[in-house]
Amino acid sequence: MEYHIDFYKHFAWLRKENVGSDGGSESYQERLSRLEGDKESLILQVSVLTDQVEAQGVKINDLESSLMEHQHKLNCTEEMLQQELLHRTSLEKQKLSLMGEVSYLKLKLTDMEGKQGHGAERQHKAEVLLKELRILKDKVQHLEDQKLQYEKKLKATKCFISNEIAAFYTCFYFYLSRLRRTQSGGFQAADPDAGQFRRGGLRATAGPRLTRTPDDMNIPFSQWTKEQVCGWLEDYGLGQYISLARQWVENGQTLLSATPQEIEKEMGVKHPLHRKKLQLALRAFTTKVVEKSAELDHIWVTRWLDDIGLPQYKDQFHEARVDGRMIQYLTVNDLLTLKVTSQLHHLSIKCAIHVLHVNKFNPNCLRRRPGDEKQPSPSEVVQWSNHRVMEWLRAVDLAEYAPNLRGSGVHGGLVILEPRFSSETLALLLNIPPQKTLLRRHLAMAFAALVGFQAMQEKREYGNATGHMPLTTTAKVKPKKLGFTQFSHLRKRKPDEAADYICPIDSGAPAANGDSRLLSPVHRGLSPTLDRHVGFFLS
């Protein structure tokens, strides 16, 4: 605030007052000097008051600005308080909802605790049932072992009884002929035909057991009686067709002269491999060729599948009653019927059949355990079973991957005889990751040392050839379809020529498969090392 004072009017007023009151006592000069002093004091006071007023104005301005700042802060605080109130309200709502959820969870926890008590009881009962199941499984296995032993004993007993019955009837015939020579008419009158011994008469009461006697093997199959044929079917694993065979078969000649269509219709043999099994056996009776493979029954074939690493097909092979004779005549479509669709498994079975051929169908030709050899030769590796290959993996410090070979079909014959089977194929089957290059390199070195330098060189040459298709673990085999051009020549072909055997045999070889035979050119393409190692395999 500023205050303006008119000094001239003030001095004029003072002058009039002083002139009117002291006109006679003081002089004009004294008054003027005193007024000058008052003027200076007033000017000084005015300047002081002016400075004070200016200072107060500055303070008032500072207070106004401070008031404005505090007013702004107050507004912000009020807004924050409003937001805080809103936030607190939402937190209260969340608190209420959470309290509701907590109460619900408490109720659920109480319910779960009650159920957990029942679950513990159920788990205990399940453990008890599992223990009982294991015990029952062990008992079933024990009973199966006893059953096999009893079957062997029963077979031996039946053979013994059959021999005794044959000896009894021989003696009976001998004494009957002596009675006839002595002209004892009492017995002949009671049975005039008793002097003539006929098959199918009294002896037929022995049933199928007589088919296992050595005397019956000397009799041509065409002369076998109905009971002998039915007994042979039972021994051959085709006992389910006996009931219809009794109604249709008169003797062995009925089967020998029957067509496959008649066998399917009259005996109800719908399974194609059952028909094939029966036809191969009848052909063997006709040609009178004793095959070494005929000694291997379908039970042995299931164990053979374990040895070559394909136990997953045991049920299909057992249901089809595939025996040793059928193995060498299996076709691609037969394997597809047995649900063997993997190309690798086809090659595994093919190589395993060839190993059987080379070893004259010796049932114990595959090696299941490690021997004394430090560095096995290819001629020894080719006879390794799947388990022996897994033992080799443990020996070369790959034990953690060895269980992956179960069900893979990898055996020594496949490793040596299949040119497309390499260390990369083995690494895929073992599930060794591609990024583990050092481990795969170690496997490749061990694989090369196992198969030998010559076989590895031939595998590389085969892999580098034009048109080479690498062997994969997922490739499938599709059934071959006949075209219109093949239908015209189908009737002209013989059955053996039309069959696409999985392991074909050289036609120039001897008929008996027990003899050593070379493979046909088709099968020689399976393994370039085969011709060089056949001599070693036979040793």
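Residues numbered from 1 in each chain as written. Predicted model: local features only at pLDDT ≥ 70, side-chain atom pairs only at ≥ 80, totals over all residues. Heavy atoms only, no water.

1. Focus on the overall build of the chain
Here comes step 1: When helices and strands are counted, the chain shows 24 helices and zero strands.
Here comes step 2: Split into buried and exposed, the 539 residues of the chain put 33% on the buried side.
Here comes step 3: The contacts in the chain between residues at least 6 apart in sequence include a share of 64% that link residues at least 24 apart.
Here comes step 4: Total accessible area on the chain stands at roughly 34900 Å², and carbon and sulfur atoms take up 57% of it. (Helix = DSSP H or I, 4+ residues; strand = E, 2+ residues; numbered from the N terminus. Buried < 20%, exposed > 50% of the residue type's maximum accessible area, 1.4 Å probe, protein only. Contact = heavy atoms within 4.5 Å. Areas by Shrake-Rupley, 256 points an atom, 1.4 Å probe, with all protein chains shown as cover.)

2. A few points about the environment of Ser379
Here comes step 1: Among the secondary structure elements, Ser379 is positioned in helix H15 (residues 378-381).
Here comes step 2: Ser379 sits in the buried class, given a relative accessible area of 15%.
Here comes step 3: For the pair Ser379 and Gly413, spaced 34 residues apart in sequence, the C-alpha separation works out to 9.5 Å.
Here comes step 4: Within polar-contact distance, the side chain of Ser379 engages the side chain of Ser377 at 2.9 Å. (Polar contact = N/O pair within 3.5 Å; in protein donor to acceptor, adjacent residues only side chain to side chain.)

3. Some points on the UniProt feature "coiled-coil region" (unreviewed entry) in the chain
Here comes step 1: In this structure's numbering, the residues bearing the UniProt feature "coiled-coil region" (unreviewed entry) are residues 25-80 and 126-153.
Here comes step 2: Regarding residues 126-153, the helix share stands at 100% and the strand share at 0%, and the terminal C-alpha atoms are separated by 40 Å. (UniProt positions renumbered as here; feature names shortened; annotations may be inferred.)

4. Details of the side chain of Lys459
Here comes step 1: Within the fold, Lys459 resides in helix H20 (residues 453-464).
Here comes step 2: Summary of buried charges: Lys459 has no salt-bridge partner, and the nearest side chain of opposite charge, Glu418, is 6.9 Å away.
Here comes step 3: Here the side chain of Lys459 touches Phe421 through a polar contact of 2.9 Å, landing on its backbone oxygen.
Here comes step 4: Those residues in contact with Lys459 that lie beyond four places of it in its chain are Val415, Ile416, Glu418, Pro419, Phe421 and Phe447. (Lys, Arg positive; Asp, Glu negative; His and termini not counted. Salt bridge = Lys/Arg side-chain N within 4 Å of Asp/Glu carboxyl O.)

5. Concerning the packing of aromatic side chains
A ring pair, where both rings are aromatic, is described by two values, the distance of the centres and the angle of the planes.
Here comes step 1: Within the structure shown, the criterion is met by nine aromatic pairs.
Here comes step 2: Considering the side-chain rings of Tyr329 and Tyr501, the 5.7 Å spacing of their centres and the 65° angle between planes classify their relative orientation as edge-to-face. Of this pair, Tyr329 sits in the loop between helix H12 (324-327) and helix H13 (332-337) while Tyr501 sits in the loop between helix H22 (495-498) and helix H23 (521-524), placing them 172 residues apart in sequence.
Here comes step 3: Its relative accessible area of 15% is what places Tyr329 among the buried residues.
Here comes step 4: Of the residues examined, Tyr501 reaches a relative accessible area of 18% and is grouped as buried.
Here comes step 5: An aromatic cluster of three or more residues is present, and its members are Phe221, Trp224, Trp232, Tyr236 and Phe285.
Here comes step 6: Across the ring face of Tyr236, the terminal group of Lys277 is positioned such that the distance to the ring centre comes to 4.1 Å.
Here comes step 7: Its end group placed over the ring of Tyr329, Arg283 keeps NZ or CZ at 4.9 Å from the ring centre. (Phe/Tyr/Trp six-rings, centres within 6.5 Å; stacked < 30°, edge-to-face > 60°. Lys NZ or Arg CZ within 6 Å of the ring centre and 35° of its normal.)

6. Topic: H20
Here comes step 1: In a regular helix each residue adds 1.5 Å, so 12 residues correspond to 16 Å; H20 covers 16 Å between its end C-alpha atoms and thus fits that length.
Here comes step 2: Of the residues making up H20, those classed as buried are Ala455, Met456, Glu458 and Lys459. Down the axis, H20 shows its buried residues gathered within 165° of arc, on one side only. Residues of H20 that are exposed and point more than 90 degrees away from the buried face comprise Phe453 and Asn464. (Expected span 1.5 Å × (residues − 1). Arc of directions from axis to C-beta.)

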